[in-house]
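Fold and geometry: a report
Here are the chains, one letter per residue:
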Amino acid sequence: MPDPLQTLPITAIDADALPRDRDIHDDEAQKELEHSIFTTQLRQPIEVWKFSEPHDGFHYGLISGFRRLAACRALKHDTIPAFIRAPRDIPDAIAAMVSENEVRSQISPWEKGRLILNCLQEELFNNEDHAIDSLFPATSTRQKKARLRSCTLVVQVFDGAIATPEHLSVARIERLAAAVRAVWEVLLTDALHRSRSDTLAGQWSALEPVIYEALNPQYDESGPDKPGAPRRSIKFNNRLHIRRELTKSGWILRFSGSEAKIPGLMDDVMHEIERIFGPER
């Protein structure tokens, strides 16, 4: 039986053998890690498991230590100290990775949802509940499991559309998920598209009015997918888009698009409102 701690060739380790639970890449932190390893050597070995057969030239799969392995590669190290683990299967290896990373640094809600979704897409677990129970065994309460389901749903719907999604709080993710479950997905994605913002703050400003309306139905109004649903927006060949938005004090009409700034447009709208309701008093 070999010693579980060995020095392995870096080229023999597949860093992408598992779906990773980290989306954030902090270049500055990575450079600091490289400097630390360069000056004081690697203090904490990585964790790997040995393949039953070589895979694409690799003999080991990485469990934990992704950043440490990347730093040693950047420093042109030929070998790296590694603990040889013996997980029962791939899901067990992923669970070990999550456990190690949770101890070192809290995984963001978005990253948890992304990991669960990736594992389901690769058919590593039977269903979402199986994935949650296996990857996050400490999540014992019904409320915590529901939050993870919300994270998975939001990643599934908005992956690639939201800037720096790893900075979304649990509260915001739960509000987004609730709006999606209320069948407001199309209006939410449309609001993101119209915002044309590349920052999370700007995108959330566009999403918030839609979420507020989705979670605060007015009287007997139908949802956007129901027959007889009220008109919530009008589009004119992408040049002008008018959207009604619910606020805490009432309704507003938001005009956007290239023709929204046409001189006199707002005057015409005000005149038409006055025609309907009568002259100003």
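Up top you'll find the structure we're talking about.
Everything in this summary refers to the structure shown in the same document. Note that the coordinates shown come from a computational prediction; the quantities given were computed from them, not determined experimentally. (Residues numbered from 1 in each chain as written. Predicted model: local features only at pLDDT ≥ 70, side-chain atom pairs only at ≥ 80, totals over all residues. Heavy atoms only, no water.)

1. A look at the overall build of the chain
A count of helices and strands for the chain gives 10 helices and 8 strands. Taking 19 Å as the expected radius of gyration for a compact globule of 281 residues, we find that the chain reaches 25 Å, considerably beyond that expectation. A burial count over the chain gives 38% of its 281 residues as buried. Here the chain has roughly 17000 Å² of accessible surface; of this, 51% comes from carbon and sulfur atoms. (Helix = DSSP H or I, 4+ residues; strand = E, 2+ residues; numbered from the N terminus. Rg over C-alpha atoms; globule rule 2.2 N^0.38 Å. Buried < 20%, exposed > 50% of the residue type's maximum accessible area, 1.4 Å probe, protein only. Areas by Shrake-Rupley, 256 points an atom, 1.4 Å probe, with all protein chains shown as cover.)

2. Details of the sheet that holds strand E2 (residues 13–14)
On the basis of which strands lie adjacent, the open sheet formed by 5 strands has the order E1-E5-E3-E4-E2 and mixed pairing. Looking at strand neighbours, the two that pair on one side only are strand E1 (5–9) and E2, the edges of this open sheet. Pairing of E2 with strand E4 (residues 58–64) involves 2 bridges; the strand directions are parallel. Residue pairing across strands places aspartate 14 opposite glycine 61, the latter belonging to E4. Those strands touched by helix H2 (residues 66–74) are E2, strand E3 (46–55), E4 and strand E5 (79–85), and its axis lies near 130° from that of E4. (Pairing = 2+ DSSP bridges. Contact = heavy atoms within 4.5 Å. Axes fitted to C-alpha atoms, helices over the stretch in contact; angles between N-to-C directions.)

3. With respect to the pairing of strand E6 (residues 233–236)
Relative to strand E7 (residues 240–247), E6 runs antiparallel, the two being bridged by 4 bridges. In the strand pairing of E7, phenylalanine 236 is matched with leucine 240. Remark: 3 residues form the turn of the hairpin made by E6 and E7, two consecutive strands paired antiparallel; asparagine 237 in that turn has positive phi of roughly 50°.

4. Side note on the side chain of glutamate 34
Mapped onto the elements, glutamate 34 comes out in helix H1 (residues 27–40). When sequence neighbours within four positions are dropped, the list of residues in contact with glutamate 34 reads Ala71, Ala74 and Leu75.

5. Observations regarding helix H10 (residues 265–277)
Look at H10: 19 Å from first C-alpha to last across 13 residues, which is about the 18 Å you get at 1.5 Å a residue. Judged by how many residues are buried, H10 sits mostly at the surface: 1 of 13 residues are covered. Directly after H10, the chain includes glycine 278, whose backbone phi takes a positive value near 100°. (Expected span 1.5 Å × (residues − 1).)

6. Quick look at a nonpolar patch on the surface
A cluster of nonpolar residues, Met270, Ile273, Ile276 and Phe277, forms a patch on the protein surface that exposes about 480 Å² of accessible area. Among the structural elements, phenylalanine 277 can be located in helix H10. (Patch = residues over 30% accessible without salt bridge, like charges linked within 9 Å, V, L, I, M, F, W, Y side chains within 5 Å. Salt bridge = Lys/Arg side-chain N within 4 Å of Asp/Glu carboxyl O.)

7. Topic: the nonpolar core
The biggest cluster of nonpolar side chains holds 26 residues, and the ones touching the most others in it are Phe158, Leu176 and Leu188. For this core, the elements supplying multiple residues, two or more each, are helix H4 (109–121), helix H6 (142–158), helix H7 (170–181), helix H8 (185–195) and helix H9 (200–215). In contact with leucine 176, not counting residues within four places along its chain, are Val154, Phe158, Ile162, Leu188, Trp204, Leu207 and Ile211. (Core = buried A, V, L, I, M, F, W, Y, C linked by side-chain atoms within 4.5 Å.)

8. Some thoughts on unusual backbone geometry
Most peptide bonds take the trans form, and the phi angle of most residues other than glycine is negative. At aspartate 56, a position not held by glycine, the phi torsion is positive, near 50°. Tracing the chain through its elements places aspartate 56 in the loop between E3 and E4. When its relative accessible area of 64% is taken as the criterion, aspartate 56 is described as exposed. Phi angles above zero are rare outside glycine, and threonine 164 is one such case at about 40°. Along the chain, threonine 164 turns up in the loop between H6 and H7. Owing to a relative accessible area of 36%, threonine 164 belongs among the partly exposed residues under this scheme.

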